[in-house]
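The chain contents come next:
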Amino acid sequence: MRRLLLACLASVVLYAGLFGAVADRPLSLGALRLEMRQKVAALAALPSPRLVILAGSNGPYSHSCAVLGAMLNLPCENAGIAVGIGLDDVFARDAPLLRAGDVVYMPMELQQYTMSAAAYRAAVDGALLLRHDRALLWRLPLGRVLGALFCCQLADLMEAAAEMPLAHLHALDAQALLAREYNAQGDRIDNAAAQRVPALIGPPPPLPAPAEIAAGYGARLIAGFVATETRRGVVVIGGLPVEDRAARLPPALLAAIEAVYTQNGGQFLALANESHYPAADFFNSPEHLSRPCQLRHTMTLAPALAALLRRPAGAPPPGAAALAAACP
């Protein structure tokens, strides 16, 4: 029995050392890691008060900080990454940079609220945290730490064995890739209407029940972030994600989403159209607008945010209105 226990312990130590210090996936995960680092650095460089958009990929694809910042006369960073990246990770990176008077707008995807703790333990950023950001990982809940510690399998090791030599041959220039995909404010800029991929858009995800929002682990994380940052003097405003839907949200569902913010000291903003648009406006997902429609939606959102913040809304940047007019 003692030999068996020692063998098990040795295998765990070998696994942790291999995936924590040696094995890496610089091609499949390298661009994602660089994107997260760049967005945190860009936020840190902005003077306060500033505007921050926090969501999944709906944030950078369907909202424009370049337009919103100009119309509200606030420095702006579009800090959204993707739904698969844990909000605990995102909040741990961004929250220390926020200051009293900053404004955080959160048009979170509905999946963000209902995501379970088990889904967080299996999140793709667990491997990144274990390999590159262990100091941040130790600050997360125990379940998240354990999920990251046991994030990887044989297939991940094989990917690492293939990717690491290719990275040394510069098979992927992550810096150049991100420069083509994002502007300096963190907005997606590769979603041109001419490049639309209708086959990838598909139907929108099914609506969750109000009880799923209230009981979701993700909703708990969002509520904690709202409460903590509001106490620190940060203005937190919840919003609805941009989606390809025709019908309005059930009132009980809308109320459940709103409550995550208003019951924790934040505010909530829902546009008259609930940020719903026809399928022709989308780029490659039912939550990713094409660039002209991204700008048009942002120009609709800006006056509503300005009214909530009691500040004037100016004109959009030169050329943005003309490009937005191309939205079908």
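Residues numbered from 1 in each chain as written. Predicted model: local features only at pLDDT ≥ 70, side-chain atom pairs only at ≥ 80, totals over all residues. Heavy atoms only, no water.

Nonpolar side chains collect at one region of the surface, where L142, L146 and F150 lie side by side and expose about 340 Å² of accessible area between them. Mapped onto the elements of the fold, L146 is located in helix α10 (residues 142-149). (Patch = residues over 30% accessible without salt bridge, like charges linked within 9 Å, V, L, I, M, F, W, Y side chains within 5 Å. Areas by Shrake-Rupley, 256 points an atom, 1.4 Å probe, with all protein chains shown as cover. Salt bridge = Lys/Arg side-chain N within 4 Å of Asp/Glu carboxyl O. Helix = DSSP H or I, 4+ residues; strand = E, 2+ residues; numbered from the N terminus.)

What follows covers helix α16 (residues 251-262). Compared with the 16 Å implied by 1.5 Å per residue over 12 residues, the 16 Å span of α16 between its first and last C-alpha is a close match. By the burial criterion, the buried members of α16 are L253, L254, A256, I257, A259, V260 and Y261. On its buried face, α16 is in contact with β3 (103-106), α6 (110-114), α14 (210-215), α15 (217-231), β4 (235-239) and β5 (267-269). (Expected span 1.5 Å × (residues − 1). Buried < 20%, exposed > 50% of the residue type's maximum accessible area, 1.4 Å probe, protein only. Contact = heavy atoms within 4.5 Å.)

Summed over the entire model, instances satisfying the criterion amount to 2 disulfides. Residue pairing for C65: its cysteine sulfur links by disulfide to C76, the two sulfurs lying 1.9 Å apart. Every disulfide takes its handedness from the sign of the S-S torsion; for C65 and C76 that torsion is -55°, giving left-handed. Here C65 is found in helix α4 (residues 65-72), whereas its partner C76 is found in strand β2 (residues 76-78), with 11 residues between them in sequence. Between the sulfur atoms of C293 and its disulfide partner C327 the distance amounts to 2.0 Å. Because the torsion about its S-S bond is 100°, the bridge between C293 and C327 counts as right-handed. Linking C293 in helix α17 (residues 291-309) with C327 in the segment after α18 (320-324), this pair joins segments that are 34 residues apart in sequence. (Disulfide = S-S within 2.5 Å.)

To continue, consider the pattern of salt bridges. Two side chains of opposite charge can pair, provided their charged atoms sit close to one another. The full count for this structure, using the stated rule, is 11 salt bridges. In this structure, R93 engages D133 in a salt bridge whose closest nitrogen and oxygen atoms are separated by 3.3 Å. Within this pair, whereas R93 is found in helix α5 (residues 87-94), its partner D133 is found in the loop between α8 (125-132) and α9 (134-137), the two being separated by 40 residues in sequence. R93 gets classed as buried once you look at its relative accessible area, which sits at 15%. For D133, a relative accessible area of 22% gives the class partly exposed. Here R188 makes a salt bridge to D190, at a shortest N to O gap of 2.7 Å. What emerges from the salt-bridge pattern is a single network uniting D88, D125 and R144.

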